[in-house]
Amino acid sequence: MEFSEVVRKRRSVRAFLNEDVPLETILEILEEAILAPSAGNLQPWRFIVIGNQELKFQLTQSAFAQRFIAQAPWVVAVVAKVDESAAVYGERGKNLYAIQDTAALIMLILLSATNRDLGACWVGAFDDDKVSEILGVKPGERVVALVPIGKPARTPEVPSSRKELSEIIEIIE
Ligand SMILES: Cc1cc2nc3c(=O)[nH]c(=O)nc-3n(C[C@H](O)[C@H](O)[C@H](O)COP(=O)(O)O)c2cc1C
């Protein structure tokens, strides 16, 4: 798929077919995602890849019952190692760079999944403490997103609405 097509085709997918996706495909997606830029190239992140149905159900419960999370064959939890960024960049590393770094990574996951005709959704609404406990995430780390990935049961056809570029741009020549 052309890059421009991937970008335009990507949508948040919130319904998945009850079909497997090989773990290898998820690993290929993550191999692409780790090409994301990061401040100082610290790469302050790690993934937890969850295929276990009981754990996926618990994650759903901790994410305000967003049921599509447990519907996907895989959920990738993207964890920011905020302490690693803080060690080099202090507060700015902890509160800004580590989050920006993982956000760039998550975006590449979404695009890479789209490029493989898979669906994914960036899920950020969840109870931090509950999700950290379920996944055994340590202090000094922060789960930034849960990303369910699977074969889409439906993908919205119409592009989601965006502000006009003209509304949000300032050009200084
Ligand atoms: C930081 C962040 C958190 C989000 N959290 C959720 C979420 O918890 N649940 C959900 O269904 N979608 C979530 N989304 C997806 C957005 O709702 C979605 O990207 C937006 O509505 C635009 O639609 P599109 O992705 O189809 O273009 C999140 C997106 C971002 C960037």
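In this text, all values refer to a predicted model and were calculated from it rather than measured experimentally. (Residues numbered from 1 in each chain as written. Predicted model: local features only at pLDDT ≥ 70, side-chain atom pairs only at ≥ 80, totals over all residues.)

Participant: Honestly, the sheet that holds strand E3 (residues 119-120) in this entry has me stumped. Any pointers?
Facilitator: Sheet strands associate in pairs through backbone hydrogen bonding, adopting either a parallel or an antiparallel arrangement. The four strands are arranged E1-E2-E4-E3 in an open sheet whose pairing can be described as antiparallel. In the strand order of this sheet, the two ends are held by strand E1 (45-50) and E3, each with one partner. Pairing geometry for E3 and strand E4 (residues 142-150), over two bridges, is antiparallel. From the neighbouring strand, Gly119 faces E4, where its bridge partner is Gly150. (Pairing = 2+ DSSP bridges. Helix = DSSP H or I, 4+ residues; strand = E, 2+ residues; numbered from the N terminus.)

Participant: Can you walk me through the environment of Leu17 in this structure?
Facilitator: Topologically, Leu17 is positioned in the loop between helix H1 (3-9) and helix H2 (23-33). Sequence separation of Leu17 and Gly119 is 102 residues, and the distance between their C-alpha atoms is 9.9 Å. Ignoring anything within four residues of it in the chain, the contact list for Leu17 reads Gly150, Lys151 and Ala153. (Contact = placed C-beta atoms within 7 Å.)

Participant: Looking at this structure, how should I read the packing of H2 against helix H5 (residues 82-115)?
Facilitator: When two helices pack together, their arrangement is given by the angle between their axes and by how far apart the axes lie. Viewed as axis vectors pointing N to C, H2 and H5 meet at an angle of 135°, and their least axial separation amounts to 8 Å. The angle between H2 and H5 falls in the class oblique. Seen from above, H2 lies across H5 with right-handed handedness. Side by side, H2 and H5 meet where Ile29, Glu32 and Ala33 of the first sit next to Leu105, Leu108, Ile109, Ser112 and Ala113 of the second. Its residues placed into classes, the contact of H2 with H5 shows six nonpolar, one polar and one charged. (Axes fitted to C-alpha atoms, helices over the stretch in contact; angles between N-to-C directions. Parallel < 35°, antiparallel > 145°, perpendicular 65-115°, else oblique. Left-handed = near helix turned anticlockwise from the far one by under 90°. Nonpolar A, V, L, I, M, F, W, Y, C, P; charged D, E, K, R; others polar.)

Participant: What should I look at first to understand the site of the ligand in this one?
Facilitator: All residues adjacent to the ligand are Arg11, Ser12, Arg14, Gln66, Cys121, Trp122, Val123, Gly124, Ala125 and Ser160. Each residue belonging to the shell around the ligand can be placed in one class, and the counts come to four nonpolar, four polar and two charged. (Near = placed C-beta within 6 Å.)

Participant: Hey, could you run me through unusual backbone geometry in this one?
Facilitator: Leaving glycine out, the prevailing phi sign among residues is negative, and the prevailing peptide bond configuration is trans. One non-glycine residue, Asn41, lies in positive phi territory at about 55°. Mapped onto the fold, Asn41 is located in the loop between H2 and E1. Overall, the presence of 7 C-beta atoms within 10 Å leaves Asn41 in the exposed class. With phi around 55°, Phe64 is a residue other than glycine that occupies positive phi space. When you line up the elements, Phe64 lands in the loop between helix H3 (53-61) and helix H4 (68-71). (Buried ≥ 20, exposed ≤ 12 C-beta atoms within 10 Å, placed from the backbone.)

Participant: Can you help me understand H5 in this one?
Facilitator: Residues spaced three or four apart along an α-helix point in a common direction, a consequence of the helix completing one turn every 3.6 residues. The first and last C-alpha atoms of H5 sit only 30 Å apart over 34 residues, clearly below the 50 Å expected at 1.5 Å per residue. Considering bend angle alone, the principal kink of H5 is centred on Tyr89 and spans about 150°. (Expected span 1.5 Å × (residues − 1). Bend = angle between axes of the 7 residues up to and from the residue.)

Participant: Help me out: how do you make sense of the pairing of strand E2 (residues 74-80) in this one?
Facilitator: As a general feature of sheets, a regular strand has side chains that alternate between the two faces. When you tally the buried positions in E2, you get seven out of seven residues, the bulk of the element. Neither face of E2 is left uncovered, since the one carrying Trp74, Val76, Val78 and Ala80 and the one carrying Val75, Ala77 and Val79 both have all their residues buried. Taken together, the six bridges between E1 and E2 define a ladder with antiparallel strand orientation. When the sheet's bridge partners are listed, Ile48 is paired in E2 with Ala77. Bridge count for E2 against E4 is seven bridges, and the pairing is antiparallel. Bridge pairing in E4 places Val78 opposite Ala145.

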